[in-house]
Amino acid sequence: MRVLVVEDEEFLREMIAEGLRRDALAVDEAADGLEALHRLRFGAYDVMVLDRDLPGLHGDEVCRQVVREGLLTRILMLTASGTVRDRVEGLGLGADDYLTKPFAYDELLARVLALGRRARPALPPVLERAGIVVDTARRDATRDGHRLALSRKEFAVLEALVRAQGAVVSSDDLIEEVWEEDTSYSTNAVRVTVSKLRAKLGEPPVVETVPGAGYRIAPPPDRPAPPGRTGADGPVTEGRP
């Protein structure tokens with residue numbers, strides 16, 4: 001899940017962003033409304049956490065532009081005012097949810113995850129594939145009943161692969177979904193993370209490499225493997241990881 005946090009108070013913006021990153025979300029930041037619109041137009045975000053009172057371009061206008069341009073990003077609006085009138089106005093502008101400052105981080109996370117599920121095709125909160133169970137709500141993963149101690153990036157990559165249900169997920173798609181905007185496509189980030197994830201998943205190997213395409217979770221044991229499976233080496237995709 002990709003999230004854009006738009007907040008002019010640096011401390012609060014970084015607190016929200018770092019919290020969401022710890023919970024395995026890919027997060028970019030913007031300090032004003034104009035920067036937010038630029039990022040929204042050139043990047044695909046599932047959810048935007050939007051402060052209403054922004055410099056440069058007011059949060060209300062950012063919300064209007066998102067609706068006017070048909071962007072699919074879900075909006076969680078933040079404001080210091082919690083009156084019914086303000087909540088109604090915010091939702092009337094096109095915001096999908098509304099949270100009053102000060103707020104508890106756990107509540108913000110729950111609302112972001114709920115909006116993220118609405119931004120994607122409906123899938124159950126618990127995903128399963130080849131003995132792997134990923135609980136997206138609790139941010140927990142197991143294989144054959146054994147809990148996996150995963151970093152936030154490893155968890156996010158595993159979630160993306162299990163969510164694909166056997167379809168190939170390219171390195172570019174993983175960077176788009178899991179890493180922040182400034183991650184270089186020439187880095188080894190995906191290859192290294194997949195390698196560490198494979199080690200933690202244990203035997204038999206379950207994450208397959210499809211040369212020139214990306215990665216997938218192996219089919220269940222009672223189904224034949226599609227052609228194209230390889231060993232543990234990373235994919236070779238036009239010089240990218």
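Since we're looking at a predicted model, the values are computed, not measured.

A. Structural context of the sheet that holds strand β6 (residues 126-129). Strand order in the open sheet formed by 4 strands is β6-β7-β8-β9, with antiparallel pairing between adjacent strands. A strand with exactly one partner marks an edge of an open sheet, and here the two such strands are β6 and β9 (146-147). Pairing analysis gives 4 bridges linking β6 to strand β7 (residues 132-135), with the strands arranged antiparallel. Within β7, the position partnered with E128 by the bridge is V133.

B. Layout of the pattern of salt bridges. For the structure shown, the criterion picks out 19 salt bridges. One salt bridge in this structure joins E35 and R39, with 3.3 Å as the shortest N-O distance. Residue E35 and its partner R39 are located together in helix α2 (residues 33-42), separated by 4 residues, close to a single helical turn. The exposure class of E35 is partly exposed, given its relative accessible area of 28%. Given the relative accessible area of 17%, R39 is considered buried. Among the ionic pairs, E159 bridges to R163, the shortest N-O distance being 2.5 Å.

C. A look at helix α7 (residues 171-178). For α7, the complete set of buried residues consists of S171, L174, I175 and V178. What you see down the axis of α7 is that its buried residues fit within an arc of 100°, all on one side. On its buried face, α7 is in contact with β1 (2-6), β2 (26-30), α6 (152-163), α8 (189-201) and β11 (214-217).

D. Expanded view of the sheet that holds strand β5 (residues 97-100). Across the sheet, which stays open at both edges, the 5 strands sit in the order β2-β1-β3-β4-β5 with parallel pairing between neighbours. The open sheet has two edge strands with one neighbour each: β2 and β5. Strand-to-strand twist in this sheet, taken as the mean axis angle between neighbours without regard to direction, amounts to 20°. Bridge count for β1 against strand β3 (residues 47-51) is 4 bridges, and the pairing is parallel. Its bridge partner lying in β3, V6 is registered against L50. Its contacts with the sheet place helix α1 (residues 10-22) against β1, β2 and β4 (74-79), and it is angled at close to 170° to β2. Against the sheet, α2 contacts β1, β2 and β3, and its axis sits at roughly 140° relative to β2.

The rules behind these values
Residues numbered from 1 in each chain as written. Predicted model: local features only at pLDDT ≥ 70, side-chain atom pairs only at ≥ 80, totals over all residues. Heavy atoms only, no water. Pairing = 2+ DSSP bridges. Helix = DSSP H or I, 4+ residues; strand = E, 2+ residues; numbered from the N terminus. Salt bridge = Lys/Arg side-chain N within 4 Å of Asp/Glu carboxyl O. Buried < 20%, exposed > 50% of the residue type's maximum accessible area, 1.4 Å probe, protein only. Arc of directions from axis to C-beta. Contact = heavy atoms within 4.5 Å. Axes fitted to C-alpha atoms, helices over the stretch in contact; angles between N-to-C directions.

The values are spatial; any link to function lies outside them.
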